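Residue strings, one per chain:
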Amino acid sequence: FGAFFLSAISMGAKSDQIFYGTLIFFFLGGLAHMLSYCSATLSKDRGLTNLLIWTSAFCCWLLWLITYMMQMNPLIAPIIAGE
């Protein structure tokens, strides 16, 4: 996980966008975590609820990151080697 951020730093201006996007997803996960404490119906399974919140935040972040990074170097028309 740390190697990703070290490689993101070497990308220059794009690393700022990845960093801010990561902060947004971390903030949204934290906000959902805090809002789960306000719900009386979620008090029985607090640990499971928080696990699901952070897992979904991580999965959404990973989906965003993969989509964002695929657009950095788009493969419009593949060139077949040897022809």
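Since the model is a prediction, treat every value here as computed from it, not as a measurement.

> Describe helix α3 (residues 46-70), naming the residues involved and giving the relevant values.
With 25 residues, α3 extends 36 Å from end C-alpha to end C-alpha; this agrees with the ideal 36 Å at 1.5 Å per step. For α3, the set of buried residues is Arg46, Thr49, Asn50, Ile53, Ala57, Trp61, Leu65 and Tyr68.

> For the state of the cysteines, give the residues involved together with the corresponding values.
This model, assessed by the stated rule, comprises 0 disulfides. We note that Cys60 lacks a disulfide partner, and the nearest cysteine sulfur, in Cys59, lies 7.1 Å from it. A residue is classified by how much of its surface remains accessible, and Cys60, at 43% relative accessible area, is partly exposed.

The rules behind each value
Residues numbered from 1 in each chain as written. Predicted model: local features only at pLDDT ≥ 70, side-chain atom pairs only at ≥ 80, totals over all residues. Heavy atoms only, no water. Helix = DSSP H or I, 4+ residues; strand = E, 2+ residues; numbered from the N terminus. Expected span 1.5 Å × (residues − 1). Buried < 20%, exposed > 50% of the residue type's maximum accessible area, 1.4 Å probe, protein only. Disulfide = S-S within 2.5 Å.

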